[in-house]
Amino acid sequence: TDFTTQLHELLKLMLAYRDAVDSLYSYSVAEFTRRQDLNARIETRTAAGKWGLSDRDDDDVDNHITSPSPLPLPTTSTNPHSNPTSTTPHDDSTLLPALRARLESLAAEFKRRVNVLLGDLAHQPDVDMRFLAVVMNFNDVYAPVRRRRGGDRGRGKEREGEVVVGGAERGRREGVV
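Everything in this summary refers to the structure shown in the same document.

Quick notes on the rules
Residues numbered from 1 in each chain as written. Predicted model: local features only at pLDDT ≥ 70, side-chain atom pairs only at ≥ 80, totals over all residues. Heavy atoms only, no water. Core = buried A, V, L, I, M, F, W, Y, C linked by side-chain atoms within 4.5 Å. Buried < 20%, exposed > 50% of the residue type's maximum accessible area, 1.4 Å probe, protein only. Helix = DSSP H or I, 4+ residues; strand = E, 2+ residues; numbered from the N terminus. Contact = heavy atoms within 4.5 Å. Salt bridge = Lys/Arg side-chain N within 4 Å of Asp/Glu carboxyl O.

A word on the nonpolar core. L10, V114, L117, L118, L121, A133 and Y142 together form the largest nonpolar core, which totals 7 residues. Per element, the largest residue contribution to this core is 4 residues, and it comes from helix α3 (residues 92–122). Ignoring sequence-local partners within four residues, the contact set of L121 consists of F3, M129, R130, L132, A133 and M136. Counting residues in hydrophobic clusters, the runner-up holds 5 residues, among them L13, A16, L103 and L106.

Laid out in structure tokens, this is it:
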């Protein structure tokens, strides 16, 4: 694939990650608000001379776990760039783990694609493109990999295998790092 396509895919991953972070923020705000409301009810009852929660308050807390929420729920999709949310009713206890899993999968896919982009840039005949790869990975966070190009058998198509370009991955593979 060409560099513009690779950059386009990276941008789509960044936008999907931002959407997942926005969902996490919405979840956090909703949970904070719910807890603040519960604390306000407790303080109101305490000020009135009644301690703790009433049976109705306990029921509200128990129902919160299984009630439909207006927050979006990440869905599992084979397309890493698809919109990861839907507004279906769900169990709030599964929302946070689903958001975490979505963020982790997007981060891993982003890192994989950056590694491929850096590997491709490192093997360009143009000096500026090779320098771009060095500058993008100036602190060796990524381990660039080069996709193997098929010779006569592949007729210019990419093979599935990848070759490690940088030393960071080699050190991890050998157990040094």
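Let us look at unusual backbone geometry. Unusually for a residue other than glycine, D140 sits at a positive phi of about 55°. Looking at where D140 falls in the secondary structure, it is placed in the loop between α4 (127–136) and β3 (145–149).

This paragraph deals with the pattern of salt bridges. Tallying each qualifying case throughout the model produces 8 salt bridges. A salt bridge links E9 to K12; the shortest N-O distance between them is 3.3 Å. Of this pair, E9 and K12 are both found in helix α1 (residues 3–47), 3 residues apart, which corresponds to roughly one turn of the helix. A single network of salt bridges, built from pairs that share partners, joins R18, D19 and D22.

Shape descriptors only; they carry no functional weight alone.
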